[in-house]
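So you can see what is in the structure, the chains are spelled out below.
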Amino acid sequence: MRDLKSMSKEELGRCMAELGEPAFRAKQLFSWIHQKKVSDLEDMTNLPKSLREKLKEGSRITRLKQETVQISKLDGTRKYLFSLSDGNCIESVLMRYRYGNSVCISSQVGCGMGCRFCASTIDGLERNLSAGEMLDQIDRIQEETGERVSHVVVMGSGEPLDNYDNLLRFLQILSDPDGSNISQRNVTVSTCGIVPGILRLAEERLQITLALSLHAAEDETRKKLMPIAARYSIREVLDACSVYFEKTGRRVSYEYSLVSGVNDTEEEARRLIRLLRNRKGHVNLIPVNPVVERGWKESAPAAVLRFKNCLEKNGINVTIRREMGRDIDGACGQLRRRHRMQQGEIRRQGEASPCRTMTAEERNE
Ligand code: SAH
């Protein structure tokens, strides 16, 4: 059965042609689904009854079911658990910022990338999400809160570039003026660093922001945290990000989750400075959100600050990402995981070393 919510305007156009309908019906249908957020064909009053009947036969419109919502007492962040038509569950997060409401969506059920600090990947990849399932996370949250969502980050469970075609369809529908009409400039897609996917995305010339989960400045350290690092070296993935910048003019964000004693040392900061010195981009630091099953410890606030100061003093754009929803299983995959719960053990690790400004010579090593 085809899902009308997952179809681009062009695809709906072809569908209308097959049903012997005039082309303008595609735009009407598209705007009912994505602008007016209607998920029942009966409510689409300007479509002829005969068309509604024809559509009902072979199609459906994805609609997620809200299972739970957790609301952070710290910052009002809302974390949702939605169930899909096949019974799988996914999670999405609403964060309220001064500049507007931002929704973090999942792109897959589970994840196959295996990052060692991440809860989403513990049970591997279950399946890809369709474009409609990605879009509906945003629509359901807008409906539940009655507030407009202005920003979207594809930073929930799953690797978006491992679900490339659906991701692209999602991005196109999301930013279509006849659809949700969210500016591409307000959309961020985060990847663990699948090089061919980054290069392909660069060719699409979209105006979205690409975020790279870097998390280390040296291949050996990165391999300890992220299996994908064994496939592509840091140099290869940063070069792909440079291509992305050249083709789109969009600066890349580098995500860096600080793990105590693993990637938060002064040495690692200095390596990072050397790597990023001549690249257009921005580093987002966040202390790793400890996941019981994973056994990593987050860097202490002082270590985070030292790491940031070290980058800043050496000319790297850097911010410490405001942590949100720490009290409500805020990190990737934690809520879904808790839903299916198992427990592990926490291992403690050492403290970070202090940091100082590097000499020009050291920066060029
Ligand atoms: N697969 C994509 C997007 C999903 S994860 C990616 O890898 O980028 C979104 C971000 O959260 C990534 O930077 C990821 O590395 C990070 N992340 C996952 N679990 C985390 C945790 N427990 N603490 C801190 N950051 C985490």
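Fair warning: this is a prediction, and the values are worked out from it, not measured in the lab. (Residues numbered from 1 in each chain as written. Predicted model: local features only at pLDDT ≥ 70, side-chain atom pairs only at ≥ 80, totals over all residues. Heavy atoms only, no water.)

This part is about the overall build of the protein. When its secondary structure is counted, the protein shows twelve helices and 14 strands. The buried share among the 365 residues of the protein stands at 57%. When contacts within the protein are restricted to residue pairs at least 6 apart in sequence, those whose partners lie at least 24 apart make up 69%. When the accessible surface of the protein is totalled, it reaches about 15,800 Å², and 47% of it is carbon and sulfur. (Helix = DSSP H or I, 4+ residues; strand = E, 2+ residues; numbered from the N terminus. Buried < 20%, exposed > 50% of the residue type's maximum accessible area, 1.4 Å probe, protein only. Contact = heavy atoms within 4.5 Å. Areas by Shrake-Rupley, 256 points an atom, 1.4 Å probe, with all protein chains shown as cover.)

The next subject is the sheet that holds strand E10 (residues 187–191). Ordered by their spatial adjacency, ten strands build an open sheet running E3-E4-E5-E6-E9-E10-E11-E12-E13-E14, and the pairing between neighbours is mixed. Edge positions in the sheet fall to strand E3 (65–71) and strand E14 (318–320), since each has one partner strand and no second. For this sheet, the mean angle separating the axes of adjacent strands, direction not counted, is 20°. Pairing between E3 and strand E4 (residues 78–83): six bridges, direction antiparallel. Bridge pairing in E4 links Gln70 to Lys79. (Pairing = 2+ DSSP bridges. Axes fitted to C-alpha atoms, helices over the stretch in contact; angles between N-to-C directions.)

This part covers the pattern of salt bridges. In total, this model carries 32 salt bridges according to the counting rule given. The closest approach of N and O atoms between Arg200 and Asp165, which form a salt bridge, is 3.2 Å. Highlighted residues: Arg200 in helix H6 (residues 195–203) and Asp165 in helix H5 (residues 164–175), separated in sequence by 35 residues. Where Arg271 meets Glu268, a salt bridge forms, and the shortest distance between an N and an O atom there is 2.4 Å. One end of the pair is Arg271 and the other is Glu268, both in helix H9 (residues 266–276) and three residues apart, which spans about a single turn. Residue Arg271 shares its accessibility class with Glu268, and that shared class is buried. Salt bridges sharing partners connect three or more residues here, namely Lys5, Lys37, Arg63, Asp136, Asp139, Arg140 and Glu143. (Salt bridge = Lys/Arg side-chain N within 4 Å of Asp/Glu carboxyl O.)

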